[in-house]
Amino acid sequence: MNLLDAVLFLPLAGFLIVLLLPREREEALRRLALGFAAATFLLSLGLATGYRAGGQFAFVTDLPWIRSPQIRYHVGLDGLSLWLVLLTTLLTPIGILVSWRYISKRVKEFYALFLLLEFGLIGVFVALDLILFYVFWEVSLVPMYFLIGVWGHERRIYAAVKFFLFTMAGSVLMLAAIIYLYTYAGTFDYVELLRLQAAGNLAFRRTEGLLLFLGFFLAFAIKVPLFPLHTWLPDAHVEAPTAGSVMLASVMLKMGCYGLLRFCLPLFPQASRDCAPWIVALAIAGIIYGALVALVQPNMKKLVAYTSVSHLGFVVLGIFTFSPLGADGAVYQMINHGISTGALFILVGYLYERKHSLEIADYGGVATPAPNLATVFMITALASAGLPTLNNFVGEYLVLQGAAQVNFRWAVLAATGVILAAAYMLWLYQRVFFGPAPDAVRAHVYDLTRREWTAMLPLVALMVWLGVGSETFLPAIRQTNAWILERSRATTEIRVELRVPLQEVRP
Amino acid sequence: MTSFIPSGVELLRLLPEILLVLAGTVVLVLEGVTGARRGRELGYLTLATLLAALAAAIAAYRQPGPAFSGLIASDGFAAFFRVVVIAAAILVTLFSGPYLRREGAERGEYYALLLYSAAGQCLMASAAELIVLFIALEISSIASYVLAGYLRADRRANEAAVKYFLLGSFASAFLLYGIALLYGAAGSTWLAEIRAVLRTPAAASDSLVGTAAALIFVGFAFKVSAAPFQIWAPDVYQGAPAPVAAFLSAGPKAAAFAGLLRVFMSGLEPVTANWEGIVWVSALATMVIGNFAALLQSNIKRLLAYSSIAHAGYVMVAVAAHSSVGTAAAMFYLAAYVFMNVGAFAVVSYFARQGERYVQVEDLTGLAWRQPTVAALLSVFLLSLIGVPLTGGFFGKFYVFKAALEAGLVWLTVLGLLNSAVAAYYYLRILVVMYMREPAEATAELRAPTGPVKAALWASAFGTLFLGIFPSAVLEFATNAAALKP
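Residues numbered from 1 in each chain as written. Chains lettered and ligands numbered in written order. Predicted model: local features only at pLDDT ≥ 70, side-chain atom pairs only at ≥ 80, totals over all residues.

**Overview of the overall build of chain B**
Line of reasoning, step 1. Looking only at helices and strands, one finds 21 helices and 2 strands in chain B.
Line of reasoning, step 2. For chain B, the C-alpha radius of gyration of 21 Å lies close to 23 Å, the compact-globule estimate for 486 residues.
Line of reasoning, step 3. Once the C-alpha set of chain B is aligned to its principal axes, its extents read approximately 70 × 60 × 40 Å.
Line of reasoning, step 4. A buried classification covers 64% of the 486 residues belonging to chain B.
Line of reasoning, step 5. In chain B, the proportion of contacts linking residues at least 24 apart, taken out of those at least 6 apart, comes to 81%. (Helix = DSSP H or I, 4+ residues; strand = E, 2+ residues; numbered from the N terminus. Rg over C-alpha atoms; globule rule 2.2 N^0.38 Å. Buried ≥ 20, exposed ≤ 12 C-beta atoms within 10 Å, placed from the backbone. Contact = placed C-beta atoms within 7 Å.)

This is how it looks when you write it as structure tokens:
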């Protein structure tokens with residue numbers, strides 16, 4: 001039992017204890033859930049300080065779970081998963097804080113499911129056995145389904161079912177691919193698979209590799225979501241309660257991106273490369289399409305939801321450039337998006353708690369009654385739009401730089417997404433916060449409360465830190481990406497790799 | 001065939017069946033002799049007998065081997081299915097009592113029929129000879145026909161019983177015809193001897209054998225409600241009393257699969273390799289028909305009936321794999337299926353109330369906020385039926401499709417898994433009405449479940465989750481038992 005296991009299982013313990021408490025004691029339930037989430041976060045800080053770049057995985061636990069076929073409880077952490085785990089453990093207490101008053105009915109179930117969700121999400125990022133990964137993948141699906149369906153807005157049921165079915169359709173194909181991989185390799189263990197592959201014992205026929213790749217890819221692409229598989233996303237994000245939207249956008253979408261980097265690239269290098277042009281095209285289409293649709297949304301939450309489609313396009317683009325800069329930028333952008341879009345959803349949620357409307361047209365002049373809220377929103381909007389010194393700039397820059405190295409036209413097309421981001425964000429800000437405040441706004445909108453400040457402060461601080469102190473975060477990412485990219489080059493690029501040293505040898 | 005007088009150990013190998021038949025008769029006689037309506041006490045007696053039979057099944061497994069001149073094979077395979085069908089009967093007995101008392105129909109004959117039916121199913125699992133198998137099937141079936149129409153005054157129950165009886169008789173006839181032809185071709189009704197004969201190429205290519213195998217398959221396909229012989233299931237499950245529907249969807253189905261697997265994996269094993277095609281089509285059709293028809297149902301019993309057809313399809317995928325891995329997967333699947341399906345039916349039976357007034361999916365609206373524990377347990381069963389990890393349903397599907405892929409059935413696997421994604425929709429509908437709508441009138445005067453119902457629900461949930469979190473032991477047992485060597 002090491003620190004990582006503790007971080008993983010503490011939320012599960014919290015889930016069980018919350019379940020056992022009487023439902024009438026709502027305040028105690030909230031405090032308990034917050035206590036567990038906060039303790040998990042504090043423990044997870046130990047992961048960041050204890051993590052040493054070096055060997056492949058840190059904090060490894062490898063225990064047998066099921067004997068035949070052998071499925072192991074094998075978890076570990078590397079530079080890719082480290083920050084995603086921290087993102088999860090940070091956003092869970094924040095999600096509980098923003099739900100404090102917002103969630104007033106079925107309090108016990110809400111917090112129980114929220115902790116179960118955290119368990120599933122952390123598990124996804126640390127599982128090193130394919131079946132274990134699949135288990136966590138699905139385990140995170142169920143609580144989110146209930147969070148949307150029970151505590152969401154009017155069309156919540158439609159959104160929840162759509163969310164579940166889209167994910168399920170993708171994941172069953174992944175399950176088929178996982179089992180096929182097993183019949184081929186005789187193991188579900190990720191590290192073992194990599195070892196087999198390095199020894200040349202895991203070479204697929206071209207179509208076989210392509211189909212396996214697609215099995216995984218489809219599940220991840222739905223989750224990311226990659227255009228045109230994104231249609232579940234606006235529904236789910238808009239209908240979910242604030243905390244649900246935060247976890248969905250900030251963490252669950254990263255499950256897809258994480259899967260691409262963790263499994264698709266290293267295990268199916270040939271197929272990844274074969275498909276890369278198509279995927280890049282879809283990613284760029286998503287960047288532009290998401291931004292354009294966001295521009296014309298009359299609903300704030302939907303606007304933020306579509307910005308996710310656009311921002312996640314950058315992540316996928318970065319991954320499939322196969323360049324170190326692009327991949328580093330993609331991972332960095334995964335964290336950035338988690339912070340800034342999570343913050344946007346929280347702020348929109350704050351506005352909704354005040355005026356019970358998500359329509360931009362119902363607002364105006366909010367800066368007058370709520371100057372602090374306006375300031376925080378401004379910082380977040382600028383971060384999301386990619387202002388230098390704030391977080392998104394770093395990630396987007398790296399992705400664009402990586403893309404430009406491979407194909408300059410990709411970078412040009414993708415860069416329009418950054419321009420559009422400034423447009424939709426500033427226009428949103430202008431319509432909501434500036435101008436004269438209607439009486440309805442004056443009557444209902446008040447400034448940030450202390451609890452609301454507490455939830456936002458860490459996120460704002462991180463936007464700045466990630467924007468100016470990227471060297472805190474990048475080394476771990478860089479090191480992990482380096483070996484992922486080396487793997488992804490394994491079979492296709494041998495010829496190229498041989499050529500480089502030869503040229504150097506020549507005087 | 002040394003002696004016609006059974007030895008002690010031979011009796012032990014048949015002890016579960018002997019206990020069940022004796023107890024069934026005792027229950028009938030007791031009620032007749034005392035004349036009093038002592039349904040509750042007879043229920044307890046039934047429960048005690050079933051627990052004793054469970055112990056007997058385990059004791060019989062400790063002394064594996066043939067019995068009664070090789071008519072009975074008390075091996076691991078038999079033990080596995082005996083435990084599964086007896087467990088199903090125990091769960092059903094637990095929540096039958098409250099249901100029958102509500103309907104004013106708790107009489108000894110119900111329990112006697114249940115015991116006889118369970119005895120027939122145990123015998124099906126352990127029969128090593130075709131005539132015994134047929135008799136076992138008939139014991140199980142005839143008791144089931146009567147159970148389906150147990151509520152005499154209920155017209156739907158009568159309709160269910162007649163339909164079940166007529167179509168069931170046809171199926172039995174098919175099976176018997178197949179057995180007769182097989183006897184003609186192989187000159188024996190012992191599975192071991194049939195296998196030995198069919199090993200010779202000349203016998204194996206006999207068209208008589210093919211016809212016989214096809215007829216036997218039809219007979220079993222009916223009993224497990226596999227396409228295209230599934231038509232009866234929805235009407236019967238809908239019409240039969242809810243606990244009986246629970247029982248029909250579990251015990252007889254598991255036992256029929258046991259018979260099917262034993263016949264096709266031992267006796268007919270030499271000739272069934274070339275038959276994958278038929279099973280393939282049947283498996284796919286069963287899954288598709290079950291799942292797509294379930295999408296349209298508003299009556300929850302009917303919905304669960306179609307779902308039970310779909311699940312027969314998944315097990316058929318394991319049969320199509322035609323390997324001992326596939327057999328083990330089918331066994332595991334059926335064990336998980338018994339818990340999750342009987343559990344779901346237990347909730348239906350509890351919720352339906354007098355005269356089964358509330359059996360629409362919509363009636364469950366808001367159940368989660370009136371009876372949170374019941375709703376949570378039903379969620380466990382439904383998530384297991386969907387195949388979400390950490391439930392038995394997930395590992396059932398996982399093992400089934402793993403066996404199929406190992407047998408090279410890639411397309412069947414992909415189509416089957418996509419089917420299970422479709423299936424998620426109708427199970428989710430139940431979760432939606434339970435959790436995502438405000439409580440409605442049908443849940444208003446609902447009382448908390450009584451002790452036995454609670455016990456059935458918790459036991460089913462425990463079984464479902466246990467098989468989902470610690471599947472190793474059961475799977476290993478199934479794997480060892482699946483190598484059917486007659």
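Next, the rest of the story.
**With respect to the overall build of chain A**
Line of reasoning, step 1. Looking only at helices and strands, one finds 20 helices and 2 strands in chain A.
Line of reasoning, step 2. Referenced to the eigenvectors of the C-alpha coordinate spread, the extents of chain A come out at roughly 75 × 55 × 40 Å.
Line of reasoning, step 3. Scored against the burial criterion, the 507 residues of chain A give a buried share of 59%.
Line of reasoning, step 4. Considering only intrachain contacts with a sequence separation of at least 6, the fraction spanning at least 24 residues in chain A is 80%.

**Topic: the packing of helix α2 (residues 26–50) of chain A against helix α4 (residues 107–126) of chain A**
All names here are of chain A.
Line of reasoning, step 1. Orientation of α2 relative to α4, taken along the N-to-C sense of each, is 10°, at an axis distance of 9 Å. Classed by the angle they form, the pair α2 and α4 counts as roughly parallel. Contacts from Glu-26, Leu-29, Arg-30, Ala-33, Phe-36, Ala-37 and Thr-40 in α2 reach Val-107, Lys-108, Tyr-111, Phe-114, Leu-115 and Glu-118 in α4.
Line of reasoning, step 2. Its residues assigned to classes, the contact of α2 with α4 shows 8 nonpolar, 1 polar and 4 charged. (Axes fitted to C-alpha atoms, helices over the stretch in contact; angles between N-to-C directions. Parallel < 35°, antiparallel > 145°, perpendicular 65-115°, else oblique. Nonpolar A, V, L, I, M, F, W, Y, C, P; charged D, E, K, R; others polar.)

**What about the confidence of the model for chain A?**
Residues and elements named next belong to chain A.
Line of reasoning, step 1. In this model, chain A carries an average pLDDT of 87, and 96% of its residues clear a pLDDT of 70 or more.
Line of reasoning, step 2. For chain A, helix α20 (residues 494–505) is the element with the lowest average pLDDT, namely 42, and α4 is the one with the highest, namely 92.
Line of reasoning, step 3. Of the regions scoring below 50 in pLDDT, residues 492–507 engages in 4 contacts with residues more than four places distant in sequence or in other chains. (pLDDT = per-residue confidence, 0-100.)

**Topic: helix α16 (residues 408–433) of chain A**
Residue and element names in this part refer to chain A.
Line of reasoning, step 1. Relative to the 38 Å expected for 26 residues at 1.5 Å per residue, α16 spans 38 Å between its end C-alpha atoms, a close match to the ideal helical length.
Line of reasoning, step 2. Turning to α16, its buried residues number three or more, namely Trp-410, Ala-411, Ala-414, Gly-417, Val-418, Leu-420, Ala-421, Tyr-424, Met-425, Leu-428, Val-432 and Phe-433.
Line of reasoning, step 3. Next to the buried residues of α16 lie α11 (269–295), α12 (300–319), α14 (371–385) and α15 (391–406).
Line of reasoning, step 4. Just downstream of α16, Gly-435 is the residue with a positive phi angle, here 80°. (Expected span 1.5 Å × (residues − 1).)

**Points about the interface of chain B and chain A**
Line of reasoning, step 1. Opposite the 25 residues of chain B that make contact, chain A presents 27 residues.
Line of reasoning, step 2. For the side of chain B that touches chain A, the elements supplying multiple residues, two or more each, are α18 (392–406), α19 (410–435) and α21 (472–482) of chain B.
Line of reasoning, step 3. With 11 residues, α19 of chain B is the single largest residue contributor to the side of chain B that touches chain A.
Line of reasoning, step 4. Residues belonging to the side of chain B that touches chain A are distributed by class as follows: 18 nonpolar, 4 polar and 3 charged.

**Points about helix α20 (residues 451–469) of chain B**
Residues and elements named next belong to chain B.
Line of reasoning, step 1. Relative to the 27 Å expected for 19 residues at 1.5 Å per residue, α20 spans 26 Å between its end C-alpha atoms, a close match to the ideal helical length.
Line of reasoning, step 2. Residues of α20 that are buried: Val-453, Ala-456, Leu-457, Ser-460, Ala-461, Gly-463, Thr-464, Leu-467 and Gly-468. Buried residues of α20 fall within an arc of 155° about the axis and therefore sit on the same side.
Line of reasoning, step 3. Where α20 is buried, its residues contact α4 (76–103), α15 (324–352), α17 (372–386), α18 and α21. (Arc of directions from axis to C-beta.)

**With respect to the pairing of strand β1 (residues 58–66) of chain A**
Line of reasoning, step 1. Bridge count for β1 of chain A against strand β2 (residues 71–77) of chain A is 6 bridges, and the pairing is antiparallel. Bridge assignment links Pro-64 of chain A to a residue of β2 of chain A, and that residue is Arg-72 of chain A. (Pairing = 2+ DSSP bridges.)

**Some words on unusual backbone geometry**
Line of reasoning, step 1. Omega for the peptide link from Val-224 of chain A to Pro-225 of chain A comes to -10°, which places this bond in the cis form.
Line of reasoning, step 2. Within the fold, Pro-225 of chain A resides in the loop between α8 (206–223) and α9 (232–239).
Line of reasoning, step 3. Geometrically, the link from Ala-227 of chain B to Pro-228 of chain B is a cis peptide bond, its omega value of 0° lying close to zero.
Line of reasoning, step 4. Its location among the elements puts Pro-228 of chain B in the loop between α10 (207–223) and α11 (232–239).
Line of reasoning, step 5. At Arg-106 of chain A, a position not held by glycine, the phi torsion is positive, near 50°.

**Considerations on the nonpolar core**
All names here are of chain B.
Line of reasoning, step 1. By size, the foremost hydrophobic cluster in this structure holds 420 residues, and its most contacted members are Ala-88, Phe-332 and Tyr-333.
Line of reasoning, step 2. With 23 residues, α15 is the single largest residue contributor to this core.
Line of reasoning, step 3. Aside from chain neighbours lying at most four places away, what touches Tyr-333 is Tyr-314, Val-315, Ala-318, Gly-396, Tyr-399 and Val-400. (Core = buried A, V, L, I, M, F, W, Y, C linked by C-beta atoms within 7 Å.)

**Section: the confidence of the model for chain B**
Line of reasoning, step 1. Overall, the predicted model of chain B reaches an average pLDDT of 88, with 98% of residues at or above 70.
Line of reasoning, step 2. Of the two predicted TM-score estimates for the complex, the pTM is 0.91 and the ipTM is 0.89.

**Notes on the packing of helix α13 (residues 276–295) of chain B against helix α14 (residues 300–321) of chain B**
Residues and elements named next belong to chain B.
Line of reasoning, step 1. Remark: α13 packs on α14, axes separated minimally by 7 Å, with the N-to-C direction vectors making an angle of 155°. One element, α13, and the other, α14, form an angle in the roughly antiparallel class. Of the two possible hands of crossing, α13 and α14 adopt the one that is left-handed. On the side of α13, the interface is formed by Glu-276, Val-279, Trp-280, Ser-282, Ala-283, Thr-286, Met-287, Ile-289, Gly-290, Asn-291, Ala-293 and Ala-294, while α14 contributes Leu-303, Tyr-306, Ser-307, Ile-309, Ala-310, Ala-312, Gly-313, Tyr-314, Met-316, Val-317, Val-319 and Ala-320. (Left-handed = near helix turned anticlockwise from the far one by under 90°.)

**Topic: the environment of Ala-294 of chain B**
All names here are of chain B.
Line of reasoning, step 1. Positionally, Ala-294 belongs in helix α13.
Line of reasoning, step 2. Look at Ala-294 and you get buried, because 24 C-beta atoms sit within 10 Å.
Line of reasoning, step 3. Between the C-alpha atom of Ala-294 and that of Ser-308, which follows or precedes it by 14 residues, the distance is 9.6 Å.
Line of reasoning, step 4. Ignoring anything within four residues of it in the chain, the contact list for Ala-294 reads Leu-303, Tyr-306, Ser-307, Ala-310 and Tyr-426.

**Focus on the environment of Ala-310 of chain B**
Residues and elements named next belong to chain B.
Line of reasoning, step 1. Residue placement: Ala-310 occurs in helix α14.
Line of reasoning, step 2. Residues Ala-310 and Val-422, spaced 112 residues apart in sequence, show a C-alpha to C-alpha distance of 11 Å.
Line of reasoning, step 3. Not counting residues up to four positions away in its chain, the partners in contact with Ala-310 are Thr-286, Met-287, Gly-290, Asn-291, Ala-294 and Ala-423.

**Some remarks on the environment of Trp-458 of chain B**
Line of reasoning, step 1. Mapping Trp-458 of chain B onto the fold places it in helix α20.
Line of reasoning, step 2. Counting along the chain gives 34 residues from Trp-458 of chain B to Ala-424 of chain B, while the straight-line C-alpha distance between them is 23 Å.

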